[in-house]
Amino acid sequence: MDFDGSGLVFIACQPRSGSTMLQRMLGAHSEIYTISEPWVMLHPLYALRENGIQTKYDAGLARTALESMFEELPNGRQDYIDGLRQMYGGLYEKLLRSTDKTLFLDKTPRYYHILGELQEVFPQARFLLLVRHPLSVLSSILRTWVHENWLHLSNFREDLLVAPDRIVKAQQNLSAKGLLVRYENLVQDPQSGLSTICEHLQVSFEPTMIEYGEKEGVKWTFGDPRSVYKHNRPKKVSMQKWTEPESAQEWRLLWEYAHKLGSETFGALGYQFEESIQKLDAVRPSNRDLRYTVSLKWLLKDKTELERRLSRRGVDIINTMRNDGIQSVILQVMKFLASRLRAS
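None of these values were measured; they are calculated from a predicted model. All residue numbers refer to position in the chain's written sequence, counted from 1. Local features in a predicted model are, by the rule used here, given only for residues with pLDDT of at least 70; side-chain atom pairs are given and counted only at 80 or more, and totals for whole chains, interfaces and linings are based on all residues. The side-chain numbers reported here are obtained from all heavy atoms of the structure, hydrogens and water having been left aside.

A separate point is the sheet that holds strand E4 (residues 126-131). Pairing between strands is defined by DSSP: at least two bridges between the two strands are required. By definition, any uninterrupted DSSP run of H or I lasting at least four residues is a helix, any uninterrupted run of E lasting at least two residues is a strand, and each is numbered from the N terminus. With parallel pairing, five strands are arranged side by side in an open sheet as E2-E3-E1-E4-E5. Across the chains shown, the open sheet's two edge strands, defined by having one partner strand only, are strand E2 (32-34) and strand E5 (178-182). Averaged over all adjacent pairs, the angle separating strand axes in this sheet is 25°, with direction ignored. Bridge count between strand E1 (residues 8-13) and strand E3 (residues 103-107): four bridges; the pairing is parallel. Each bridged residue has a counterpart across the sheet, and for Ile11 the counterpart in E3 is Lys107. Only heavy atoms enter the contact rule, under which two residues are in contact if any of them lie within 4.5 Å. Angular values range over 0 to 180 degrees, each being the angle between N-to-C directions of two axes fitted as lines to C-alpha atoms, with helices fitted over their stretch in contact. Most of the contacts of helix H8 (residues 163-174) go to E4, to which it runs at about 150°, and overall it touches E1, E4 and E5.

Before going further, it helps to spend a moment on the layout of surface pockets. Buriedness of a pocket was judged along seven lines, with at least five required to meet protein on both sides within 12 Å; pockets are open sets of points on a 1 Å grid over the protein atoms alone, cavities are sets where a 1.4 Å probe fits but cannot get out, and lining residues have an atom within 4 Å of a point. Grid points are joined across faces, edges and corners, and a volume is the space filled by probe spheres set on the points. Considered as a void within the structure, the largest pocket measures approximately 950 Å³ in volume. In terms of lining, the largest pocket is formed by 21 residues, of which the most central are Gly52, Gln54, His113, Asn155 and Glu158. Elements supplying a minimum of two residues to the lining of the largest pocket: helix H2 (42-46) and helix H7 (157-161). Any residue outside Ala, Val, Leu, Ile, Met, Phe, Trp, Tyr, Cys, Pro, Asp, Glu, Lys and Arg is labelled polar, Gly included; the first ten of those are nonpolar and the last four are charged. By residue class, the composition of the lining of the largest pocket is six nonpolar, seven polar and eight charged.

Working definition of a nonpolar core: buried Ala, Val, Leu, Ile, Met, Phe, Trp, Tyr and Cys residues. They are joined through side-chain atoms within 4.5 Å. Accessible area is worked out with a 1.4 Å probe on protein chains only. A residue is then buried under 20% of its type maximum, exposed over 50%, and partly exposed in between. Ranked by internal contacts, the top residues of the largest apolar core, which has 63 residues, are Phe10, Met41, Tyr111, Phe122 and Leu153. Ranked by residue count, the leading element in this core is helix H11 (residues 248-269), at nine residues. Excluding anything up to four places from it in sequence, Leu153 contacts Leu138, Ile141, Leu142, Val146, Leu160, Leu253, Leu296, Leu299 and Leu300. Of all hydrophobic cores here, the second largest spans 26 residues; its members include Ile11, Met25, Ile32 and Leu105.

Moving on to the packing of aromatic side chains. Only Phe, Tyr and Trp rings are paired, with Trp represented by its six-membered ring, and only when their centres lie within 6.5 Å; those with planes under 30 degrees apart are stacked, over 60 edge-to-face, the remainder tilted. A full pass over the atoms with the stated rule returns 11 aromatic pairs. Centre to centre, the rings of Phe10 and Tyr92 are 6.2 Å apart; their planes meet at 75°, and the pair counts as edge-to-face. With Phe10 in strand E1 and Tyr92 in helix H4 (residues 77-97), the pair connects residues that are 82 residues apart, well separated along the chain. On the numbers, 5.2 Å between centres and 10° between planes, the contact of Trp145 with Phe156 is stacked. Of this pair, Trp145 sits in helix H6 (residues 134-146) while Phe156 sits in the loop between H6 and H7, and the two are 11 residues apart along the sequence. Each residue in the set Phe10, Tyr33, Tyr92, Phe104, Tyr111, Phe122 and Phe127 is aromatic and connected to the rest through ring pairs, giving one cluster. Only when the NZ atom of a Lys or the CZ atom of an Arg is both within 6 Å of the ring centre and within 35 degrees of the ring normal do we say a charge sits over the ring. Cation over ring: Arg16 sits above Trp145, and NZ or CZ is 5.6 Å from the ring centre. One cation-aromatic arrangement involves Arg49 over Tyr46; the distance from NZ or CZ to the ring centre is 4.5 Å.

Residues in a regular strand project their side chains so that they alternate between the two faces of the sheet. Of all the five residues making up E3, five are buried; the element is thus mostly covered by neighbouring parts of the structure. Residues Leu103, Leu105 and Lys107 point to one face of E3 and Phe104 and Asp106 to the other, with burial holding for every one of them. Pairing geometry for E2 and E3, over three bridges, is parallel. Across the sheet, the residue bridging to Thr34 is Leu105, located in E3.

Considering every residue of the chain, the mean pLDDT works out to 87; 81% of them sit at 70 or more. Counting interchain partners and residues more than four positions distant, the pLDDT-below-50 stretch residues 317-324 has eight contacts. You can read pLDDT as the predictor saying how much it trusts each residue, on a scale of 0 to 100.

In this section: the pairing of E4. Taken across its six residues, E4 has six buried, putting it largely inside the fold. Residues of E4 alternate between two faces, with Arg126, Leu128 and Leu130 on one and Phe127, Leu129 and Val131 on the opposite face, all of them buried. Pairing between E1 and E4: five bridges, direction parallel. Following the sheet pairing, Phe10 is matched in E4 by Phe127. Bridge count for E4 against E5 is five bridges, and the pairing is parallel. In the strand pairing of E5, Phe127 is matched with Gly178.

If you want it as structure tokens, here you go:
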């Protein structure tokens, strides 16, 4: 593999967009090697940023120190980028060297945060920008990871609010190196979708990619934990699940998320905003049921802020109570909620 990334393929997307399915399909190709999500490029590239990383040490001071080091290097920041290319390109190369493949596929959905920097490090790498109907993504997150523990949704704030715009911009900036892939197209017509991807990767299409489950392989640590391993090929069963919300709370989150993204983002991703709203309006819960739901905006607040507000709200309620028994119960409830926030 050349250090310019000519043997590298990256998949970036929102989580729950079907990336594990796409990875298994591509991994069934005779020329493509892949492993569980590496996540390896996030840390060294976030070292260049002013915020977005939490450490035991002061990340801000570390960045200042790094920039100070740049001043002593002959080519400044570019030497750091070149060093990353040599180190991490070497790691990718070693992974490939143990096989007879020609391409290494790094599927790490959260690379949507660093797509520009990734291209800077590996200018000849190719990118697959996987998208799925935004409401399908949210519905899948709720049913796979949240499980009505609604406060847990704040863990996916960036995935829901930042990723769509980053992917749209990357499609424009990556030019010929980036290919937008729609989950629905892969599921409805996998041969056509995979043929387009193979052309982008400059490899021939192999029919065995469609029946990816027939090729024996390990179950990866990251990615879809269940459904993709139940099937041998793409299934349409998950495409419209979002049109049948399981609760009034889920409906409200879907409806508010659609409006939060808006018609422009929907259109840029290739989906119909008005049609999606009409499908949601057709299954709108009663106002009585919606009365006992919580807004998307509130649930996507930072965990620390949520915990602070819950604690403050609990104190206010307790101070208005005169019955010591009720005070005790409320205090225990607030402690429980706070502990759940920390645990999740």
